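Now for the letters of each chain:
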Amino acid sequence: MTITQLTAFLAALEHGSFTAAARALDMTQASVSELVARLERELDVTLFARGSRRLVPSAAALELRPHAAQAVSAVQNGIDTIQALASLDRGTCTFGVLRNAAYYALADLAETFHHRHPNVRLRLVGINSALVARSIAAGELEAGLLVLPIDEDGLDVHPLFRDEVLYASTTRPAGSGAVTIDEVADAKLVLYDAFAGWDDPTRRQLLERARLRGRTIEPAVEVEHVETALSLVAAGTADTIVSRSVAESEGFPDGIRTFPFAEPMHDTIALVRREGVLLSPATQRIAELAERMLRERLPEHEGRVALD
């Protein structure tokens, strides 16, 4: 079994035909077909059903896919490491960041990295942490900075920072004290990260607490961005939850009061990568830069604490 065979297999799986895979790899269709056929003979399995207009992967192909992707990625990372060892003058960096990265002093991460390494191609993905974790596990991203909890199978998780989650409202009277989960369950809520829904790490914590009390959480409004949720809170439409970093930012709307939870709740920010996979030099560098920026620029508070 060779890396070339695995590369041809992955290309055929992704593009659905040997012809399209050959185009993507700048090879002949016959070469790609033969590489996959040799792989099938060595493994004594059928990887694709032929004859239709599109290749149909077998169960064996789907099982092989993550292992093949990891092997090809490891070899490519090794090549990138040798080529870029001295000066990081080439290569590609694929890194995920939490959706609200700007509130965590990471707004200029891309600019800082590109200024230091202008010849490195940078792909910075800022989506919900649950989706970043899945992309890392699938090999689509090398690593990422995200919020816990996530499903950690196959991932190496290094917690960095803990940020308190607060309840935000314009209708709850000042001086009302800490918020109980029963009060949250009864409240009219607007929650953000609508696409991720209850896969969102902060929402997951909230829902788990409610379920322990035999309650559920039913938001009246769901939106995608925290800024939209805060505008609705400022208008008195509903209440929401935010991290302390968001609540203490310059753009946080006037008039919104924040309250701690009776049982304190925290987002834990962590650096995550796949288990057993070495990062490319470029991604290793941006991971180090993101961690340093996070630690240097966020002041500690009793509700916001650096870990280790």
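Preceding this section is the structure that the text describes.
All values reported here derive from a predicted model rather than from experimental measurement.

A. Representation of the nonpolar core in the model. Counting 41 residues, the largest nonpolar core has Phe95, Leu145, Val242 and Ile269 as its most contacted members. Looking at this core, the elements that each hand over two or more residues are strand S3 (92–98), helix H5 (109–116), strand S5 (143–148), strand S6 (155–169), helix H9 (226–234), helix H10 (244–247), strand S11 (265–274) and helix H11 (281–297). The greatest single-element share of this core, amounting to seven residues, is contributed by H11. Setting aside chain neighbours within four positions, we find Ile269 in contact with Leu98, Tyr104, Leu145, Leu146, Val147, Pro159, Leu160, Phe161 and Leu294. Judged by nonpolar contacts, the second largest core, of 21 residues, contains Leu6, Phe9, Val32 and Leu55.

B. Representation of helix H1 (residues 3–15) in the model. Here H1 contains 13 residues, and its C-alpha end-to-end distance of 18 Å stays within 8% of the 18 Å for a straight helix at 1.5 Å per residue. Phi turns positive one or two residues past the end of H1, at Gly16, with a value near 85 degrees.

C. Structural context of the packing of H1 against helix H3 (residues 29–43). Two elements in contact, H1 and H3, have axes separated by 8 Å at closest approach and are oriented at 110 degrees. When the interaxial angle is binned, H1 and H3 end up roughly perpendicular. Relative to H3, the crossing made by H1 is left-handed. For the pair H1 and H3, contact is made by Thr4, Gln5, Leu6, Ala8 and Phe9 and by Val32, Leu35, Val36, Arg38, Leu39 and Glu42, respectively. When grouped by side-chain class, the residues that make up the contact of H1 with H3 number seven nonpolar, two polar and two charged.

D. Main features of the packing of aromatic side chains. Enumeration over the complete set of coordinates arrives at two aromatic pairs. Ring centres 5.8 Å apart and planes at 45 degrees place the aromatic pair Phe9 and Phe48 in the tilted group. One end of the pair, Phe9, is in helix H1; the other, Phe48, is in strand S1 (residues 48–49), and 39 residues separate them in sequence. In this structure, Phe9 and Phe48 share a single accessibility class: buried. A ring pair is formed by Phe18 and Phe48, whose centres lie 6.3 Å apart and whose planes are at 85 degrees; its orientation type is edge-to-face. Residue Phe18 is located in helix H2 (residues 18–25), and its partner Phe48 is located in strand S1; the two are separated by 30 residues in the primary sequence. Overall, Phe18 belongs to the buried group, its relative accessible area being 8%. Site record: aromatic cluster; members linked through ring pairs are Phe9, Phe18 and Phe48.

E. Inspection of the packing of H2 against H3 at higher detail. Where H2 meets H3, the closest approach of the two axes is 8 Å, and the angle between their N-to-C directions is 110 degrees. Relative to H3, the element H2 is oriented roughly perpendicular. Where H2 abuts H3, its residues Phe18, Thr19, Ala21, Ala22 and Leu25 lie against Gln29, Val32, Ser33 and Val36. Taken together, the residues that form the contact of H2 with H3 break down as six nonpolar, three polar and no charged.

F. Fine view of a nonpolar patch on the surface. A cluster of nonpolar side chains, contributed by Met1, Leu43 and Val45, occupies part of the molecular surface with about 240 Å² of accessible area. Mapped onto the elements of the fold, Val45 is located in the loop between H3 and S1. The partly exposed category is assigned to Val45, whose relative accessible area is 30%.

Rules behind the numbers
- Residues numbered from 1 in each chain as written.
- Predicted model: local features only at pLDDT ≥ 70, side-chain atom pairs only at ≥ 80, totals over all residues.
- Heavy atoms only, no water.
- Core = buried A, V, L, I, M, F, W, Y, C linked by side-chain atoms within 4.5 Å.
- Buried < 20%, exposed > 50% of the residue type's maximum accessible area, 1.4 Å probe, protein only.
- Helix = DSSP H or I, 4+ residues; strand = E, 2+ residues; numbered from the N terminus.
- Contact = heavy atoms within 4.5 Å.
- Expected span 1.5 Å × (residues − 1).
- Axes fitted to C-alpha atoms, helices over the stretch in contact; angles between N-to-C directions.
- Parallel < 35°, antiparallel > 145°, perpendicular 65-115°, else oblique.
- Left-handed = near helix turned anticlockwise from the far one by under 90°.
- Nonpolar A, V, L, I, M, F, W, Y, C, P; charged D, E, K, R; others polar.
- Phe/Tyr/Trp six-rings, centres within 6.5 Å; stacked < 30°, edge-to-face > 60°.
- Patch = residues over 30% accessible without salt bridge, like charges linked within 9 Å, V, L, I, M, F, W, Y side chains within 5 Å.
- Areas by Shrake-Rupley, 256 points an atom, 1.4 Å probe, with all protein chains shown as cover.
- Salt bridge = Lys/Arg side-chain N within 4 Å of Asp/Glu carboxyl O.

Structural measurements only, silent on function.
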